[in-house]
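Take a look at the letters that make up each chain.
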Amino acid sequence: MLAPSTSPPAPFGGAYEILAEIGAGGFGRVYKARRRATGQIVALKTLRLDDAERHVGGERHADRFRRETALYADLVHPNIVRLLDSGEAEGGVVYLVFEFVPGRTLRDVLTAEGALPWREATRLMAQVLDALACAHAHGVVHRDLKPENIMITQTGARRNAVVLDFGLAGFTTERARAEGSRITSTQEMMGTPCYAAPEQLRGEPPSDRSDLYSWGLIFIESLTGEPAVGGASPQEVIHRQLGLDPVSLPVWLRNRRLRRLLEAVTAKRVERRTVRVEEILDALEGGGTASGSRIS
């Protein structure tokens, strides 16, 4: 009779071959991997919790990670990265498998190229905005929208934007907010200060208007090549975000419809962000050029 095998089990049930690590942070890591059954290249996001982490708050991160699975299952949009698989593996590892999006992050593009051409910036940001509209229609806010979470890919004649990482996503319905409150600690600040809405920095509940604020800052940066709200330290950035001074807009956008809409989405007081996504998309898609008259 053959002796039982003593070799360790293959990771992820042998379904995926890890090719390279492409990102890490907090409790999670992201790998470029190959699905053995099809040869498809994928992005595999993992979270490992040891016994200490489970007892010191790590379980909250696991709950949030599993919640991400349910979030992505509902978000079907050409500009949102697709969820392909999920599961739990050996050693307390939970994982999500996404389509692998080739290209560079918007952060890398802006660092290498500076301000984007007007037409390309407006087209890419219209795609991001429409992706957010899809998420918001499902009662989901991203909460950590930033250039690092927007992939710029070129598989055809033009570059396109794909929104990544709803790992910090929150819910907008009252029932779902109650769900989220069991996962996120009271007054836990979510998001990245340079792009986080003031209410996020104060630890208040998220809303779709929080995402619109972040989107507005990213759009301004795409047009200028510089962060809309910057500073020498995180503390200075937070101070500027929480201050009453309005976000600065490019001079050449003055007295134009798009400028007025950007002023609305970047208003420091959330109740003043009353602009509708459809209005912004209309201005972006039918606006002509930066110096034209069709957006005035």
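Residues numbered from 1 in each chain as written. Predicted model: local features only at pLDDT ≥ 70, side-chain atom pairs only at ≥ 80, totals over all residues. Heavy atoms only, no water.

A.B. asks: Can you lay out the overall build of the protein for me, pointing to particular residues and giving the numbers?
C.D. replies: Broken down by element type, the protein carries 10 helices and 10 strands. By residue count, 46% of the 296 residues in the protein fall in the buried class. Considering only intrachain contacts with a sequence separation of at least 6, the fraction spanning at least 24 residues in the protein is 63%. (Helix = DSSP H or I, 4+ residues; strand = E, 2+ residues; numbered from the N terminus. Buried < 20%, exposed > 50% of the residue type's maximum accessible area, 1.4 Å probe, protein only. Contact = heavy atoms within 4.5 Å.)

A.B. asks: Could you give an account of helix 10 (residues 277-285), with specific residues and numbers?
C.D. replies: An α-helical turn contains 3.6 residues, so a residue and the one three or four places further along point in the same direction. All of the buried residues along helix 10 are Val277, Ile280, Leu281, Ala283 and Leu284. Seen from one end, helix 10 has its buried residues packed into an arc of 160 degrees, which puts them on one side. The elements touched by buried residues of helix 10 are helix 4 (118-137), helix 7 (208-224) and helix 9 (257-265). (Arc of directions from axis to C-beta.)

A.B. asks: Outline the sheet that holds strand 9 (residues 160-163), supporting the account with residue identities and numerical values.
C.D. replies: Backbone hydrogen bonds are what pair the strands of a sheet, in a parallel or an antiparallel way. Taken in spatial order, the 3 strands make up an open sheet running 6-8-9, and their pairing is antiparallel. In this open sheet, the two edge strands, each paired with only one partner strand, are strand 6 (104-105) and strand 9. The pairing of strand 8 (residues 150-153) with strand 9 spans 4 bridges and is classified as antiparallel. The residue of strand 9 that forms the bridge with isoleucine 150 is valine 163. Taken strand by strand, helix 4 contacts strand 8 and strand 9, and its axis lies near 30 degrees from that of strand 9. (Pairing = 2+ DSSP bridges. Axes fitted to C-alpha atoms, helices over the stretch in contact; angles between N-to-C directions.)

A.B. asks: How would you explain helix 3 (residues 106-113) if you had to name every residue and give the values?
C.D. replies: Residues of helix 3 that are buried: Leu106, Arg107, Val109 and Leu110. Mapping the buried residues of helix 3 onto a view down its axis gives an arc of 165 degrees, with all of them on the same face. Exposed and facing more than 90 degrees away from the buried side of helix 3 are Thr111 and Ala112. Tucked into the core, helix 3 has its buried residues touching strand 6, strand 8 and helix 7. Glycine 114, located one to two residues past helix 3, shows a positive phi value of around 75 degrees.

A.B. asks: I'd like a description of the confidence of the model for the protein, backed by residues and values.
C.D. replies: When pLDDT drops low, the exact placement of atoms in the prediction is not to be read closely. Per-residue pLDDT for the protein averages 80, and the proportion of residues at 70 or more is 75%. The low-confidence segment residues 51-58, where pLDDT is below 50, has 9 contacts with residues more than four positions distant or belonging to other chains. For the stretch residues 171-189, pLDDT sits under 50, and the model shows 31 contacts to residues farther than four places along the chain or on other chains. (pLDDT = per-residue confidence, 0-100.)

A.B. asks: Could you give me a rundown of the packing of aromatic side chains, with the residues and numbers involved?
C.D. replies: Throughout the structure, instances matching the rule amount to 3 aromatic pairs. Considering the side-chain rings of tryptophan 118 and tryptophan 252, the 5.7 Å spacing of their centres and the 80 degrees angle between planes classify their relative orientation as edge-to-face. Of this pair, tryptophan 118 sits in helix 4 while tryptophan 252 sits in the loop between helix 8 (234-242) and helix 9, placing them 134 residues apart in sequence. (Phe/Tyr/Trp six-rings, centres within 6.5 Å; stacked < 30°, edge-to-face > 60°.)

A.B. asks: I'd love a proper account of the packing of helix 4 against helix 7, names of residues and values included.
C.D. replies: Pairs of packed helices are described in terms of their axes, by the angle between the two and the distance that separates them. At a minimum axis distance of 10 Å, the contact between helix 4 and helix 7 shows a crossing angle of 170 degrees. In terms of orientation, helix 4 and helix 7 fall into the roughly antiparallel class. The interaxial crossing formed by helix 4 with helix 7 has right-handed handedness. Packed against helix 4, whose contacting residues are Trp118, Ala121, Thr122, Met125, Val128, Leu129, Leu132 and His136, the element helix 7 presents Asp208, Asp211, Leu212, Trp215, Ile218, Phe219, Ser222 and Leu223 at the interface. Along the lines of polarity and charge, the residues of the contact of helix 4 with helix 7 split into 11 nonpolar, 3 polar and 2 charged. (Parallel < 35°, antiparallel > 145°, perpendicular 65-115°, else oblique. Left-handed = near helix turned anticlockwise from the far one by under 90°. Nonpolar A, V, L, I, M, F, W, Y, C, P; charged D, E, K, R; others polar.)

A.B. asks: How would you summarise the environment of cysteine 194 if you had to cite specific residues and measurements?
C.D. replies: Residue position: cysteine 194 is located in the loop between helix 5 (174-181) and helix 6 (198-201). Relative accessible area serves as the criterion here: at 25%, cysteine 194 is assigned to the partly exposed category. As for cysteine 194 and proline 234, which are separated by 40 residues in sequence, their C-alpha atoms are 8.0 Å apart. Excluding its chain neighbours within four sequence positions, the residues that come into contact with cysteine 194 are Leu217, Val229, Val237 and Gln241.

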